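Structural characterization, general
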Amino acid sequence: MASLLFTSCSKEDDEVSPKNVNEKDNLQLIESIGNKGYIVDLLNSSGQLKVGHNKIYLRLKDSNGNAVNSTTIDWMPMMTMNMGGMPHEHSCPFSNLSKVSGQENLYEGYIVFTMASDAPNSFWNLEVKVTVDSQDVVFNDKLNVIDVNSDYNKKFTTVMGSDSVNYILALLEPTNPKIGVNDIVVALFKKGQNQDFPIVDNYTIKVDPRMPGMNNHSAPGSQDMRQESDGFYHGKVGLSMSGYWKINLILQDASDITVRGEPIKEGNLESSLNFKLEF
Amino acid sequence: MLLVSCFASTLLANEKLDSLQKLQYDSLLKQEVGEIIIVGNADENYLNESKALGSIDKYLEESSVVNMVKRGAYAWEPMLNGMSTERSIITIDGMQIFQACTDKMDPITSYVENTNLSKARIEEGQSGSEFGGTVAGSIDLIRKRSGFSQQKEIGGSVFSAYETNNKQQVYGATLNYSTRRYFADLDFTYRDAENYKAGQHKGKSREVNYSQFTKRNVSATTGVKLSNKQELEGAVIYDNATDVGYPGLPMDVSLAEALITSISYRYNHLSEHIHLWETKAYFNNITHIMDDSHRPIVPIRMDMPGWSKTKGIYSKISGGYKKHTFRATLSTYQNNSLAEMTMFPDNPNEKNMFMLTWPDVNTLYSGLSLVDNISLSSHFLLTIQGGVGLHYNEIKSDLGLNGLQLFYPDLEPTKKRLLKNLSSRLSYYKGDFLYKIGVGYGERAPSVSEGYGFYLLNINDNYDYVGNPNMKNEKSLNLEASSAFENEKFSAKAKVNYFYIMDYIVGKFKTGIAAMNISANGVKIYEQLNHASIVNTSLGLAYKPLFNWTFSADASYRYGQATKNTILPLIQPFSYRVQLKYEKNKFFAEASVEGSTENRNSVEFGETKKAAFAIANFALSKIINLEKNSLVVKLGVENLLDHHYSTFDNWFGIPRMGRNIYTNVVFNF
């Protein structure tokens, strides 16, 4: 795998993961998909796809490994599930692909996989469409998506709101939590009417971090999350010590009505909307 | 115990002045303005002490100026003029040294032994600011040294003591070697005690669990004369205590260890006007490890180690010129304080929790202190003292800085301060009377816990305390007045001092902030109150009706109050001690009664009412001469009637010792 060196980062990268400026330097290969003499490499920092938010890079090249420039590029993840003999398909939230500045053939985007692969009954397929030399080339491949949730680690959740909307939330930051004030970034989507998963706008996500192993204590320093220009929700979460924390959330719509989640008090130790992290 | 103030010292051989004038001159020469407490130990000063091998804590407690906060049988925290250790400076031979425990389990006095010391010098108010900024004053624990001698001398002692109440055994030895050009002292003490028992109380079990301790101390001092007037001296103390219980706290101590080293250079009679020039460089290193493994039920298991390292250097000259007797001291030190807390969840799959309770804080101080005693006439002595120091704090740990930024988002890791002090005292001698009046102003910096502590649990009021790094200097204005009378048969002294403290540092409850420790009620954050007032009064008299008999009585009272309706905690109520002593040849017998009225408890800080009490003590001492050697035997009983009581300064309401019978045996050669 060739290492990739970049001198600048895209604006989106700075907003989403300001600490991962050199992420592109150490990309690992997830899959290589070939068609008509062209190859699409799927890359990310770990080489693995997981349930929840995944930042993914695509590199387009020819069979000799030379960079290839394409005029358009699109992708579509789709899951096929065989339920009682009846195949059922659904997609998940994902972004458009955008070119990484300073590179001819590197593109970036994200996919929020909503469940794990479970071959042979259910599997994810990724279709990538490019236009090279006025020719359309379509790539298709199965992807392996694993679930990394545990009792102490939860970075993805789907919940039904009191407004009967299915919400999807993914924790983007903190990836390396520290003692003190951490940036917290959450991606918020809903299951739309047309098999799409649009970003939800203008909501508020309230943050209340608690430590279940220490009498459910909290810490000062948290700030509610609000949507910023990258479409994601940004706020602050204060963590006073290392260990296992439950990040309790309250989701409020654009009219400040709570659609999911409860405040923590005597008799209610956790919100029905939460993430978990450990460090 | 022998309480020596500045007017009961040695006589000058060739002056015929009245008694107090003689003493005034002598004290000036020694620059000893404060109170001296002689520490009894096996080598010296054991003759007049009822309990030569009691701990240093007991000696300090008998001063009218010092109260001891007791969290167990071991390591009491000295409070000067009703104020805790943040407001005073405690040094060993002028060396700055700081505790390593966030819960104050290890006051500096716990790292020394009687065998290391000869006396403790207590300076009140700004007289105590020689080595730093203070409000209450200073306690200097002065090392014992046999010094040089004209003839070659080899001597020493072997000693042992036993106390029945907690089955405490003490063993040790000292060895001294002196010649004209060289001396060396070596001493060793071992103490081991089990749990102690409180007095009889309604048929309940009297044993106070988790009050055991084991301690070893070895120290060495050596000096060499570089020339007639110049000498070089090196000293080291190594103190190691293990398995120390603290009934007043939820944790015990598995290790408290200190290494205290110094090297000093002295030039005696440097010139006609400079009597002494001393420079000392020093280093001390303290490790303190808290341990809850002996407690069967705890909210969560935790490890809490702490480390405190201090290095410093001071240089001072003292001398006289015409009517002036002066001293100038330049000192600088750096301390690093670090304490961690690791908590172990019940579920083995869950990660351990970690935080820094003292975030690796460096404190750097450099200061100059000047004192001038001016003999205005044969009756009037004016003392003027002033000093200035630069104080600098730095949080070295990013992890620690980030933690405090939860409370103070824009917190910078460094802070500079200027500490200033100025004071004056006028003494008037007339016949057998001595009157003193004084005024002083001084500033102190917040301590590491007050400025940078992170969720420190105070079990007395059950709150987590968080430091405030943005506080100003605490400032104090103090007034003092005293009078003393002494003749052959009778002596009396009365003293009052008043401290008006501005920007008084204290922890106050903050609503809406969650406690960190599982059982705590909430969080208190340090803030500064407009002002606090502390009044200390004391009265003492001694009467010798007949040659062999001495009757003495002492009483003291303190009062403390601050703005925002704050009753100050740990303020001693009216306390007294009455003693009758008979001595003849090398024998003495002593009976005493000590007691106290009910305390004015501060509910805000978790204090409860402690009933008035009185206890009786009795002691006997005999010296037997065996040719060139001597054997000293002491026998005594404390709390004769096995009274069950607790004092205002017993942490968390634990009771004091019940009846205790002790023996000390010292063989001197």
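Residues numbered from 1 in each chain as written. Chains lettered and ligands numbered in written order. Predicted model: local features only at pLDDT ≥ 70, side-chain atom pairs only at ≥ 80, totals over all residues.

Here's the deal with the overall build of chain B
Helices and strands together make up the secondary structure of chain B, namely four helices and 35 strands. For a compact globule of 669 residues, the expected C-alpha radius of gyration is about 26 Å, and chain B comes in at 25 Å, within 12% of that figure. Counting the 669 residues in chain B, one finds 47% classified as buried. Contacts in chain B between residues at least 24 apart in sequence constitute 64% of all its contacts with a sequence separation of at least 6. (Helix = DSSP H or I, 4+ residues; strand = E, 2+ residues; numbered from the N terminus. Rg over C-alpha atoms; globule rule 2.2 N^0.38 Å. Buried ≥ 20, exposed ≤ 12 C-beta atoms within 10 Å, placed from the backbone. Contact = placed C-beta atoms within 7 Å.)

Some details on the overall build of chain A
Tallying secondary structure elements over chain A gives one helix and 20 strands in all. The C-alpha radius of gyration of chain A comes to 20 Å, within 12% of the 19 Å expected for a compact globule of 279 residues. Based on the C-alpha atoms only, the size of chain A along its principal axes is roughly 65 × 50 × 35 Å. For chain A, contacts bridging at least 24 residues in sequence account for 54% of all contacts bridging at least 6.

Topic: the interface of chain B and chain A
Contacts between chain B and chain A engage 21 residues on the former and 21 residues on the latter. Looking at the side of chain B that touches chain A, the elements with two or more residues in it are strand S20 (353-375) and helix H3 (398-404) of chain B. Here the side of chain B that touches chain A is composed, by residue class, of 14 nonpolar, five polar and two charged. (Nonpolar A, V, L, I, M, F, W, Y, C, P; charged D, E, K, R; others polar.)

Regarding the confidence of the model for chain B
Residues and elements named next belong to chain B. Per-residue confidence for chain B averages 89 on the pLDDT scale, and 93% of its residues sit at or above 70. No element of chain B has a lower mean pLDDT than strand S1 (residues 3-4), at 27, and none a higher one than helix H4 (residues 448-452), at 97. Within the model, the stretch residues 1-32 combines pLDDT values under 50 with 49 contacts to residues more than four positions away or in other chains. Under the prediction, the complex receives an ipTM of 0.84, its pTM being 0.88. (pLDDT = per-residue confidence, 0-100.)

Considering the domain arrangement of chain A
All names here are of chain A. Entries for chain A in the domain assignment read domain 1 (11-146) and domain 2 (156-278). Here domain 1 and domain 2 have C-alpha centroids that lie 27 Å from each other. Counting residues at the interface gives 13 residues for domain 1 and 14 residues for domain 2. Every element with two or more residues in the side of domain 1 that touches domain 2 is listed here: helix H1 (11-16) and strand S4 (52-62). A per-element tally of the side of domain 1 that touches domain 2 places H1 first, with three residues. Here the residues of the side of domain 1 that touches domain 2 sort into five nonpolar, six polar and two charged. (Domains from an automatic or database assignment.)

A short note on the pairing of strand S9 (residues 122-132) of chain A
Residues and elements named next belong to chain A. As defined by bridge partners, strand S5 (residues 72-83) adjoins S9 across 10 bridges and the pair is classed as antiparallel. Paired with Trp75 across the strands is Val128, a residue of S9. Pairing geometry for S9 and strand S10 (residues 135-143), over nine bridges, is antiparallel. Note on S10: the bridge partner recorded for Lys129 is Val138. Taking the residues that link successive antiparallel strands as the turn, the S9-S10 hairpin has two residues, and the phi of Asp133 there is positive, at about 50 degrees. (Pairing = 2+ DSSP bridges.)

A few points about the confidence of the model for chain A
Looking at chain A, pLDDT values average 88 and 91% of them are 70 or higher. Across residues 1-22 of chain A, confidence stays below pLDDT 50; counting only partners more than four residues off in sequence or on other chains, it has 26 contacts.

So, the nonpolar core
Core analysis: the largest hydrophobic core is formed by 164 residues, its most contacted members being Leu58 and Val186 of chain A together with Ala120 of chain B. When residues are assigned to domains, this core turns out to be shared by domain 1 (11-146) and domain 2 (156-278) of chain A, each giving three or more. For Ala120 of chain B, the residues in contact, after removing those within four places along its chain, are Ile37, Val39, Tyr59, Leu60, Ile139, Asp140, Leu141 and Ile142 of chain B. The next biggest cluster of nonpolar side chains, apart from the first, holds six residues, and it includes Phe159, Ala161, Val170 and Val632 of chain B. (Core = buried A, V, L, I, M, F, W, Y, C linked by C-beta atoms within 7 Å.)

What to know about unusual backbone geometry
If a residue is not glycine, its phi is most likely negative; likewise, a peptide bond is most likely trans. For the bond running from Ala119 of chain A to Pro120 of chain A, omega is 0 degrees, close enough to zero to count as cis. With respect to the helices, strands and loops of the structure, Pro120 of chain A is situated in the loop between strand S8 (106-113) and S9. A cis amide bond, omega 10 degrees, links Glu173 of chain A with the succeeding residue Pro174 of chain A. With respect to the element layout, Pro174 of chain A can be found in the loop between strand S13 (166-173) and strand S14 (180-190). Despite not being glycine, Lys104 of chain B shows a phi value in the positive range, around 60 degrees. Mapped onto the secondary structure, Lys104 of chain B falls in the loop between strand S6 (95-96) and strand S7 (117-124).

Description of the sheet that holds strand S7 (residues 98-99) of chain A
On the basis of which strands lie adjacent, the open sheet formed by five strands has the order S1-S2-S4-S8-S7 (chain A) and antiparallel pairing. Strands with a single pairing partner mark the edges of an open sheet, and in this sheet they are strand S1 (28-35) and S7 of chain A.

Section: the pairing of strand S16 (residues 223-227) of chain A
Residues and elements named next belong to chain A. Two elements, strand S15 (residues 204-210) and S16, share two bridges in a ladder whose sense is antiparallel. Directly across from Ile205, in S16, lies its bridge partner Met225. Summarising the sheet, S16 and strand S17 (residues 233-239) pair through three bridges and their orientation is antiparallel. In the strand pairing of S17, Arg226 is matched with His234. Where S16 folds back on S17, the antiparallel hairpin that results is connected by five residues, among which Gly231 adopts a positive phi of roughly 90 degrees.

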